[in-house]
Amino acid sequence: MNNFIFQNPVKILFGKGQINEIASELPAKGKIMLTYGGGSIFRNGVYDQVKEAIKGLDVIEFGGIEPNPKFETLMKAVAICQTEQVDFLLSVGGGSVLDGSKFIAAAVCFQGEDPWDILAKQAEVTNALPIGAILTLPATGSEMNGNSVVSRIETQEKLAFGSPAVMPKFSVLDPEVIFSLPDRQISNGVVDAFVHVMEQYLTYPVNSPLQDRFAEGILQTLVEEGPKVLANRKDYEAAANFMWSATMALNGLIAVGVPQDWATHMIGHELTAYHGIDHAQTLAIVLPGMMNLKRKNKKAKLLQYGERIWGITEGNNDQRIDAAIGKTIEFFEKMGIKTKLPDYGVPSDTITKIANRFQQRGFKIGEHADIGPEEVGEILRSRL
Ligand code: NZQ
Ligand code: ZN
């Protein structure tokens, strides 16, 4: 096992009715900005619950944060925070609203000239406004990590930053918010969480049986509970298990002491940047191609994954790996997510554009930093 330092200070309020408890987590004095997305919180009653819970506090609102939050929109909130002297951000929504709020929190306190540098130049974020989150969509794990992904319309870029300074002070996980989610978002959430685990698990062995079993436990739970949530949105127990799995998939716990990949995400972000494809859909396209191309480097873990998650014990190594890739595709499709580029109308010249971007940025990704423009092209071509 590799050395590691682990600290996760996010306070989790989990379960039915926990939204009512947030007042004691918020500053009694000072100005709060409630951030939200396109309006789902007004239709599903979450807004009313939050307003009731924070009655009497000094709150302004900023709505309209898009899925795949846009830098251009977020900078409007930054300006308001500065003129209104906002002290605390309360994010009410999915991963996009929370990621957007993290960027706002960091940009408000940014000392450099252009806050875009936080994303484009990885300028260090040491200070940020404190954030609280009411999560309405289990998927990203953003509620218990310090990551944020932001897109820029002007340049068709989608970039990430991470800092402990933007980890939420608290996050409310009430599984009842799932009841109002459309099928597409349940599918996205299950697949995103599944691939988060794969990015931290499907690398090479470093003798970390505990992290492996945590990871496999999350994968198995998603495989069992995901279809239940899709079939019956009012199944509270399934919703709760799904929600906690998504949080545990990306709160740092399963990543400690092990190598990590993240190449599927890096390539997926480019598909969203160019074509606006949902984040999880891009992962379902890329991951099978990644598993196939990296079958040698990832052999031991691919075989372990096949056996422990899908019960694959027959055939030679290549046959078992093929079967593991096949089972993964089958699961994504069972969750209602298609896995090929033409399913989303992506033309083949996009592959060249994405490979060129990796060339220009000089990126080498994956746990061995051996995936460059050529491999990116190869992975994507295998998904045509
Ligand atoms: O905007 P509103 O009206 O709220 O509607 C949203 C949005 O249209 C809707 N929704 C959310 N909760 C709902 C609901 N509709 C009905 N009932 C509810 N309870 O769902 C739509 C999608 O929301 P979004 O927040 O975009 O989805 P998600 O949580 O999947 O977030 C995706 C973003 O997170 C980034 C992705 O790249 C993408 O930009 N990621 C963030 C990560 C992180 N911070 O650690 C890691 C991930 O790998 C990912 O990259
Ligand atoms: Zn993801």
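Caption draft 1: Local environment of the overall build of the protein. Scanning the protein from N- to C-terminus turns up 14 helices and eight strands. A compact globule built from 384 residues should have a C-alpha radius of gyration of about 21 Å, and the protein, at 20 Å, falls within 12% of that. Judged by the C-alpha coordinates and their principal axes, the protein covers about 65 × 45 × 45 Å. Here the protein holds 384 residues, and 57% of them are scored as buried. Only carbon and sulfur atoms are counted for the fraction: they give 48% of the accessible area of the protein, which is about 15,900 Å². Side chains of the protein carry 37 positive and 45 negative charges; the gap between the two charge centres is 2 Å.

Caption draft 2: Representation of the coordination of the zinc ion (ligand 2). Each protein donor to the zinc ion (ligand 2) is listed here as D192 (OD), H196 (NE2), H265 (NE2) and H279 (NE2); together their distances run 2.0 to 2.1 Å. Mapping the donors of the zinc ion (ligand 2) onto the primary sequence yields the spacing D-x3-H-x68-H-x13-H. Separated by four residues within a single helix, D192 and H196 lie in helix α6 (residues 183-201), roughly one turn from each other. Like D192, the residue H196 is buried in the burial classification.

Caption draft 3: The nonpolar core, seen in detail. By size, the foremost hydrophobic cluster in this structure holds 68 residues, and its most contacted members are I22, V50, L90 and Y305. Counting residues per element, this core draws most heavily on α6, which supplies nine residues. Structurally, this core is a two-domain feature, drawing no fewer than three residues from each of domain 1 (11-176) and domain 2 (183-381). Leave out the neighbours within four places in its chain, and I22 touches V50, A53, I54, L90, I134, F170 and V172. Ranked by size, the runner-up nonpolar core spans 32 residues in total, among them V78, I104, V108 and V125.

Caption draft 4: Inspection of unusual backbone geometry at higher detail. Of note in this structure, N68 is not a glycine but carries a positive phi near 55°. Even without being a glycine, Q122 presents a positive backbone phi close to 55°. Its place among the elements puts Q122 in the loop between α5 (117-120) and β5 (131-135).

Caption draft 5: Representation of the domain arrangement of the protein within the structure. Considered domain by domain, the protein is made up of domain 1 (11-176) and domain 2 (183-381). Taken over C-alpha atoms, the centre of domain 1 sits 26 Å from the centre of domain 2. Every contact between the two is made by 24 residues of domain 1 and, on the other side, 22 residues of domain 2. Across the contact surface, domain 1 and domain 2 share one salt bridge. Taking the shortest distance from any N to any O, the salt bridge between R361 and E157 comes out at 3.7 Å.

Caption draft 6: Quick look at the site of ligand 1. Around ligand 1, the structure places 32 residues, and the nearest of them are G38, G95, S96, K158 and H196. Take K158: an N or O atom from its side chain is 2.7 Å from an oxygen atom of ligand 1. One nitrogen or oxygen atom from the side chain of H265 is found 2.8 Å from an oxygen atom belonging to ligand 1. Relative to its unbound accessible surface of 960 Å², ligand 1 loses 90% to contact with the protein. Its residues placed into classes, the shell around ligand 1 shows nine nonpolar, 20 polar and three charged.

Caption draft 7: Local environment of the state of the cysteines. Inspection of every chain in the model, using the stated rule, returns zero disulfides. No disulfide involves C81; its sulfur sits 9.1 Å from that of C109, the nearest cysteine. Assessed through its relative accessible area of 18%, C109 is described here as buried.

Caption draft 8: Inspection of the side chain of R152 at higher detail. Structurally, R152 can be placed in strand β6 (residues 147-152). Filtering out sequence-adjacent residues up to four positions away, R152 remains in contact with F71, E72, W116 and E157.

Caption draft 9: Structural context of the sheet that holds β5. Across the sheet, six strands lie side by side as β1-β8-β5-β4-β2-β3; this open sheet has parallel pairing. Looking along the sheet, the strands with just one partner apiece sit at the ends: β1 (11-14) and β3 (58-62). Put simply, the sheet's adjacent strands are angled 20° from each other on average, direction ignored. Contacts between helix α3 (residues 71-84) and the sheet are confined to β2 (31-35), β3 and β4 (88-93), with β3 contributing the most and set at about 155° to the helix. Contacts from helix α8 (residues 236-249) reach β1, β5 and β8 (170-173) within the one sheet, and its direction differs from that of β1 by about 170°.

Caption draft 10: Quick peek at α8. Helix length check: α8 (14 residues) gives 20 Å between terminal C-alpha atoms against 20 Å at 1.5 Å per residue, within 8%. All of the buried residues in α8 are Y236, A238, A239, A240, F242, M243, S245, A246, T247, M248 and A249. Where the residues of α8 are buried, they touch β1, β5, β8, α6 and α7 (209-231).

Criteria and thresholds
- Residues numbered from 1 in each chain as written.
- Chains lettered and ligands numbered in written order.
- Predicted model: local features only at pLDDT ≥ 70, side-chain atom pairs only at ≥ 80, totals over all residues.
- Heavy atoms only, no water.
- Helix = DSSP H or I, 4+ residues; strand = E, 2+ residues; numbered from the N terminus.
- Rg over C-alpha atoms; globule rule 2.2 N^0.38 Å.
- Buried < 20%, exposed > 50% of the residue type's maximum accessible area, 1.4 Å probe, protein only.
- Areas by Shrake-Rupley, 256 points an atom, 1.4 Å probe, with all protein chains shown as cover.
- Lys, Arg positive; Asp, Glu negative; His and termini not counted.
- Charge placed at Lys NZ, Arg CZ, Asp CG, Glu CD.
- Donors = N, O, S within 2.8 Å, 3.2 Å for Na, K, Ca; no water.
- Core = buried A, V, L, I, M, F, W, Y, C linked by side-chain atoms within 4.5 Å.
- Domains from an automatic or database assignment.
- Contact = heavy atoms within 4.5 Å.
- Salt bridge = Lys/Arg side-chain N within 4 Å of Asp/Glu carboxyl O.
- Near = heavy atom within 4 Å.
- Polar contact = N/O pair within 3.5 Å; in protein donor to acceptor, adjacent residues only side chain to side chain.
- Nonpolar A, V, L, I, M, F, W, Y, C, P; charged D, E, K, R; others polar.
- Disulfide = S-S within 2.5 Å.
- Pairing = 2+ DSSP bridges.
- Axes fitted to C-alpha atoms, helices over the stretch in contact; angles between N-to-C directions.
- Expected span 1.5 Å × (residues − 1).

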